[in-house]
Amino acid sequence: QVQLVESGGGLVQAGGSLRLSCAASGRTFSSYAMGWSREAPGKEREFVAAIGWRVDYTYYAESVKGRFTISRDNAKNTVYLQISPVRPEDAAVYSCAARLNIGRLRTAPGDYAYWGQGTQVTVSS
């Protein structure tokens, strides 16, 4: 079992930067692959980034490549999502997810067993 708590959301101006954090409970954080998804009103949930136990093993959705950076600090049991520059279409609830790191890096929400409550990102233009 792992519990996830996101933070770092809020109001940000388009063109600015934002870093979301997700703190995980438990002593085996490095055993989990981590991911971020987002959901905006009227849109389907989009899985935007994932990272394996190896920090150089990452995935990004095409829509966010070049602007989103996922990273993790296993000593702090935390995964991050850096967004720069922020665009109006990035406004959404961002949730982090975890799954045991078995096999290849998974990129679908259904592959992740544990989810946080989410943090709202609002973008002003």
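Predicted model only: the values in this text are computed from it and were never measured.

Re the state of the cysteines
Okay, so step 1: Overall, the coordinates contain one disulfide when judged by the stated rule.
Okay, so step 2: A disulfide bridge connects Cys-22 with Cys-96, and the sulfur atoms are separated by 1.9 Å. Of the two residues, Cys-22 is situated in strand E3 (residues 18–24) and Cys-96 in strand E9 (residues 92–100); the sequence distance between them amounts to 74 residues. We note that Cys-22, like Cys-96, is buried.

Observations regarding the nonpolar core
Okay, so step 1: Within the largest apolar cluster, 30 residues are counted, with the highest numbers of intra-cluster contacts made by Met-34, Trp-36, Leu-81 and Tyr-94.
Okay, so step 2: Secondary-structure elements contributing two or more residues to this core are E3, strand E4 (32–39), strand E5 (46–51), strand E7 (68–73), strand E8 (78–83), E9 and strand E11 (119–124).
Okay, so step 3: Excluding anything up to four places from it in sequence, Met-34 contacts Leu-4, Cys-22, Phe-29, Ala-49, Ala-50, Ile-51, Ile-70, Arg-72, Val-79, Ala-97, Ala-98 and Tyr-112.
Okay, so step 4: Counting six residues, the second largest nonpolar core, distinct from the first, contains Phe-47, Ala-50, Ala-97 and Leu-105.

Conventions used here
Residues numbered from 1 in each chain as written. Predicted model: local features only at pLDDT ≥ 70, side-chain atom pairs only at ≥ 80, totals over all residues. Heavy atoms only, no water. Disulfide = S-S within 2.5 Å. Helix = DSSP H or I, 4+ residues; strand = E, 2+ residues; numbered from the N terminus. Buried < 20%, exposed > 50% of the residue type's maximum accessible area, 1.4 Å probe, protein only. Core = buried A, V, L, I, M, F, W, Y, C linked by side-chain atoms within 4.5 Å. Contact = heavy atoms within 4.5 Å.

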